[in-house]
Amino acid sequence: MSLLPESSIIAAVVQAYSEKAKCGSNNDVQKVTESVGYSPTDLASIPAAAQLGLGCGSPVNAANLKEGEIVVDLGSGGGIDVLLSASKVGAEGQAIWIDASTDMIALARSNAAKKGLKPPHVAFVQASLAESLPIASNTVNCVLSNCVIKLLSQGGKATLLKEVYRILKPGGRIILDDVSGCFPDEPLQANLTPRAQILAKQPLPDEIRNDLTSYVNCISGSIQVEEYQQILQAADPQFLETKNDLRKVCSGVNGTCGVAPKPKFDVNTWVASYQIIAYKSTEIEDTADSTPVATLLRWWDAYPKVKSCPAVLAPEALANLIRGGSGEHHFAVVDVRRNDHAGGHVRGSDNWAAQTFYDDLPKFLEKYRNTSQVIFYCGSSAGRGPRCAGWYQDYLNEAGVTTSKSYVLEGGVKAWLAKYRAEEDLVDSD
Ligand SMILES: C[S@@+](CC[C@H](N)C(=O)[O-])C[C@H]1O[C@@H](n2cnc3c(N)ncnc32)[C@H](O)[C@@H]1O
């Protein structure tokens, strides 16, 4: 049982991997990636920057992904398994990245952009694996994880596997590999083979469990195979088939960020590498109706969090702008509703649906770059309006554009119609 508070473990681990995200890749790290089971052809199909040498297996190989399937990768790092999965599930399928690290999500997004991949085909969701997954129940065909589960506390592991069980469709599968810091100046061929998962050979003493350094190196959090099976069975007694490949692990050698700290003990005395594959029973009572459910609970989780906080514009101020009849480039009003826009809108609004707005930002900027006030709204300007306004302002800031500025219409169209419904110069009916 770990004596470290869970929040300290998570913060230390995520911080350590954020640092690794900034380290980049190199030939040696790419050799490590190949040595854990990825095919050179697969690796050549994704950006080198996605190969951080942080995995000790290649779960995608064992996943047997099919066109149209939905796959979720837990603790996805630079996105290696998400990018490979995306090509296997095809345009009709979906590959979802989940990780808590801000630097990893930035790296993974940039790797996906190099391949022209975007939501919904791939989605990058920044979330903690220690909390409920932001994924709808019974919607996922396959869950992957490569060198991550050991990083969670004992309770966190059990909670996560329950969540995995919840999100899987009946008959869905999990493929869990785990990774240690194995780098090229160790005898790779002897020590590191495909399909490796670190599990403890014998119970770990607290002095090892509580050594944060080794936690980050995926060792202290290791549990014994039997404990793993208990956790799986607690999630569901019908969670079928575990499969173990015992492998030696190594750590504490040269990586892209110099020398990783060597643990003070021989890791191979305590831990070994495994892969676990398990299936959710197909005999789950199907209580859901047949309406297709979106896999992400919140569509906006697939896009970056908004950083800026655009100013709010009162309806009276917008009415003055419209009635003032000032120049064409002075202001624009943007309705970001999609299917719920019946009942009227602000006269002269342009419609850009929030759900696709982030991907449309380049086009949007082209159109509004010289419009000094761009005023966004949705139903009550509490969700989609401010979000799109924030994304636009962030985009302007990143591009260094100062000729346009983002605003949110206070109270959205509801407040507008409540005030001006009878005034034809201010309202367009649908
Ligand atoms: C060893 S790396 C593996 C990365 C990737 N799976 C690969 O094979 O390259 C572990 C990843 O898990 C993420 N991670 C660790 N603990 C996490 C947590 N509690 N919640 C979300 N992500 C976590 C880290 O940010 C890191 O990207």
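What counts as what
- Residues numbered from 1 in each chain as written.
- Predicted model: local features only at pLDDT ≥ 70, side-chain atom pairs only at ≥ 80, totals over all residues.
- Helix = DSSP H or I, 4+ residues; strand = E, 2+ residues; numbered from the N terminus.
- Buried ≥ 20, exposed ≤ 12 C-beta atoms within 10 Å, placed from the backbone.
- Contact = placed C-beta atoms within 7 Å.
- Near = placed C-beta within 6 Å.
- Nonpolar A, V, L, I, M, F, W, Y, C, P; charged D, E, K, R; others polar.
- Pairing = 2+ DSSP bridges.
- Axes fitted to C-alpha atoms, helices over the stretch in contact; angles between N-to-C directions.
- Parallel < 35°, antiparallel > 145°, perpendicular 65-115°, else oblique.
- Left-handed = near helix turned anticlockwise from the far one by under 90°.
- Expected span 1.5 Å × (residues − 1).
- Arc of directions from axis to C-beta.
- Core = buried A, V, L, I, M, F, W, Y, C linked by C-beta atoms within 7 Å.
- Right-handed = clockwise from strand over helix to strand, strands pointing away.

A. Inspection of the overall build of the protein at higher detail. Along the backbone of the protein there are 16 helices and 17 strands. Taking all 430 residues of the protein together, the buried fraction comes to 47%. Across the protein, contacts joining residues at least 24 apart in sequence account for 78% of those joining residues at least 6 apart.

B. Here's a closer look at the site of the ligand. Within the structure, the ligand sits among 25 residues, and G55, G75, G77, A100 and N146 are positioned closest to it. Ranked by residues supplied to the shell around the ligand, first place goes to helix 1 (residues 6-21) with 4 residues. Of the residues assigned to the shell around the ligand, the class counts are 16 nonpolar, 8 polar and 1 charged.

C. Geometry of the sheet that holds strand 5 (residues 168-177). Taken together, 6 strands build an open sheet; the order of strands is 3-2-1-4-5-10 and the sheet is mixed. Pairing within the sheet leaves two strands with one partner each, and these edge strands are strand 3 (122-126) and strand 10 (275-279). Strand-to-strand twist of the sheet, defined as the mean angle between neighbouring strand axes without regard to direction, takes the value 15 degrees. Bridge count for strand 4 (residues 140-146) against strand 5 is 6 bridges, and the pairing is parallel.

D. Representation of the environment of G383 in the model. Tracing the backbone shows G383 in the loop between strand 15 (373-377) and helix 15 (384-399). G383 sits in the partly exposed class, given 15 other C-beta atoms within 10 Å. Taking the C-alpha atoms as reference points, G383 and A354, separated by 29 residues in sequence, lie 9.7 Å from one another.

E. Quick look at the sheet that holds strand 14 (residues 350-351). Strand order in the open sheet formed by 5 strands is 11-16-15-12-14, and the pairing between neighbours is parallel. Each having just a single partner strand, strand 11 (311-313) and strand 14 make up the two edges of the open sheet. Taken together, the 3 bridges between strand 11 and strand 16 (residues 405-409) define a ladder with parallel strand orientation. Each residue of the ladder has a partner; that of A311, found in strand 16, is Y407.

F. Fine view of the packing of helix 14 (residues 354-368) against helix 15. Packing of helix 14 against helix 15 leaves a shortest axis separation of 10 Å and a crossing angle of 30 degrees. As judged from the angle between their axes, helix 14 and helix 15 are roughly parallel. Considering the relative orientation of helix 14 and helix 15, their crossing is right-handed. Contacts between helix 14 and helix 15 involve A354, F357, Y358, L361, F364 and L365 on the former and, on the latter, R384, R387, C388, W391, Y392, Y395 and A399. Of the residues in the contact of helix 14 with helix 15, the class split is 11 nonpolar, no polar and 2 charged.

G. Examining the packing of helix 1 against helix 6 (residues 102-114) more closely. Where helix 1 meets helix 6, the axes come as close as 7 Å, and the angle between the chain directions of the two elements is 35 degrees. Helix-helix and strand crossings are classified by hand; for helix 1 and helix 6 the assignment is left-handed. Residue-level inspection shows Y17, S18 and A21 of helix 1 in contact with helix 6, the latter providing T102, D103, M104 and L107. Considered class by class, the residues forming the contact of helix 1 with helix 6 number 4 nonpolar, 2 polar and 1 charged.

H. Layout of helix 1. Between its first and last C-alpha atoms helix 1 spans 22 Å; for 16 residues at 1.5 Å apiece the expected length is 22 Å, and the two agree. For helix 1, the complete set of buried residues consists of I9, I10, V13, V14, Y17, K20 and A21. The buried residues of helix 1 occupy one face: seen down the axis, they fall within an arc of 115 degrees. Exposed and facing more than 90 degrees away from the buried side of helix 1 are S7, S8 and A11.

I. Geometry of the nonpolar core. Membership of the largest hydrophobic core comes to 101 residues, with the highest contact counts inside it found for V71, V72, W97, V122, V143, I375 and F376. If we ignore the near neighbours within four places in the chain, the residues touching V122 are V82, A86, A95, W97, A112 and L117.

J. Spotlight on the pairing of strand 3. Burial analysis of strand 3 places 4 of its 5 residues in the buried class, the great majority of the element. Alignment of strand 2 (residues 94-99) against strand 3, held across 5 bridges, turns out to be parallel. Across the sheet, W97 pairs through a bridge with F124, a residue of strand 3. In this view, the connection linking strand 2 to its parallel neighbour strand 3 by way of helix 6 has right-handed handedness.

Such coordinate-based values are descriptive only and should not be taken to indicate function.
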